[in-house]
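Chain and residue survey
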Amino acid sequence: MPQRLGIFYLPLVAWALLQAPRLQSAPNPVLIMADGTVMRYNGEYFAIGTGTGNMITKSPDLVHWGEFRPALAEGVNAKFKGLDGAPDLVYVNGVFHIYYNGVGHAYAAAPTGPYVPTSVTEPFDPWGGIDLQLFPTDKGEWIYVKKRNAPNLNPLTGEKQELPYPQVWLWKLKSPWAVAWREEAPAYLALFGTPNTWEQVDKNNFEGPELYQYHGLWYLLFVANCMSARSGMYNVGVAVADDPMAFDNAKKLPQPVLFRNTERTLLAYEPLLPTA
């Protein structure tokens, strides 16, 4: 049965705690990529991310990974219609899907591809957005999640709008093939970066939303602050709701649930200035 890494219908934090004894003995990093996505299918794990050149790899155990191979069909231009950057890999009803930064969509009959674009004339979401996720619910619906930056158009009106803080928007779709803004159910603003909290320490950044379900509750994880390895502030927070369309900032937990490993950062980077 296919599952997204970190879900197994457990919150990401619980999954990490359960795996900690085994993962502590694994060499790190086990795989280098940015904005990565990992899917479990038939006992194997498949991974693709930003910076891999649209190459996909697989592993039997999350530690030992095979060679990267092209994910897109031969002749498909990855830059065309947004088939590049922060991919989300998901399987449902015999079809594998990759969604790219909220604008591109490709599909295949096998987890390693070859993936072909749904359309060569129209993007999945022409109003933009990044860090996309498509989450299939147990009710046969799809929850479309994306981060919205200031340059992206308003998901409700399509108009330009300046934003003081990045936002996370959700849709409830009826099909993984549907273009989000054409759905009857409107998008709604789920979360946004909160000033004067741990989320806004070294950068006005709020990204990487991921939606999960466990025991009747919904968890929307996010990352805040500067992603640079030198900062040590790039931590993971979470909001908890009883319905995927009922998130708001009041449902955030007050502190991060996952912290960057500052000790590893100190060991990996030389000091910027001499110290006493």
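Report on the accompanying structure. From a predicted model like this one, the values you see are computed outputs, not experimental measurements. (Residues numbered from 1 in each chain as written. Predicted model: local features only at pLDDT ≥ 70, side-chain atom pairs only at ≥ 80, totals over all residues. Heavy atoms only, no water.)

What about unusual backbone geometry?
Residue Pro114 follows Gly113 across a cis peptide bond; omega there is 10 degrees. Here Pro114 shows up in the loop between β8 (104-108) and β9 (116-117). The phi angle at Asn225 is positive, at roughly 80 degrees, despite the residue not being glycine. Examined against the element boundaries, Asn225 turns out to sit in the loop between β15 (217-224) and β16 (235-241). (Helix = DSSP H or I, 4+ residues; strand = E, 2+ residues; numbered from the N terminus.)

Comments concerning the nonpolar core
One finds Leu170, Leu191, Leu211, Leu220 and Phe247 to be the most contacted residues of the largest nonpolar core, which totals 18 residues. At four residues, β15 tops the list of elements feeding residues into this core. When neighbours within four sequence positions are excluded, Leu220 is seen to be in contact with Val145, Val168, Leu170, Ala190, Leu191, Pro209, Glu210, Leu211, Gly237, Val238, Ala239 and Phe247. The next biggest cluster of nonpolar side chains, apart from the first, holds 15 residues, and it includes Ile48, Ala71, Leu89 and Ala106. (Core = buried A, V, L, I, M, F, W, Y, C linked by side-chain atoms within 4.5 Å. Buried < 20%, exposed > 50% of the residue type's maximum accessible area, 1.4 Å probe, protein only. Contact = heavy atoms within 4.5 Å.)

Considering the sheet that holds β15
One open sheet accounts for three strands, arranged β14-β15-β16; its pairing is antiparallel. Edge strands, defined here as strands with exactly one partner in the open sheet, are β14 (206-214) and β16. The average angle at which neighbouring strand axes cross in this sheet is 20 degrees, direction not considered. (Pairing = 2+ DSSP bridges. Axes fitted to C-alpha atoms, helices over the stretch in contact; angles between N-to-C directions.)

Brief notes about the environment of Thr50
Looking at the secondary structure, you find Thr50 in strand β3 (residues 44-50). The partly exposed category is assigned to Thr50, whose relative accessible area is 27%. A sequence separation of 50 residues divides Thr50 from Tyr100, and the C-alpha atoms of the two residues are 9.5 Å apart. Those residues in contact with Thr50, other than ones at most four positions away along the chain, are Met33, Ala34, Asp35, Gly85, Ala86 and Pro87. A polar contact is formed between the side chain of Thr50 and the side chain of Asp35, at a distance of 3.3 Å. (Polar contact = N/O pair within 3.5 Å; in protein donor to acceptor, adjacent residues only side chain to side chain.)

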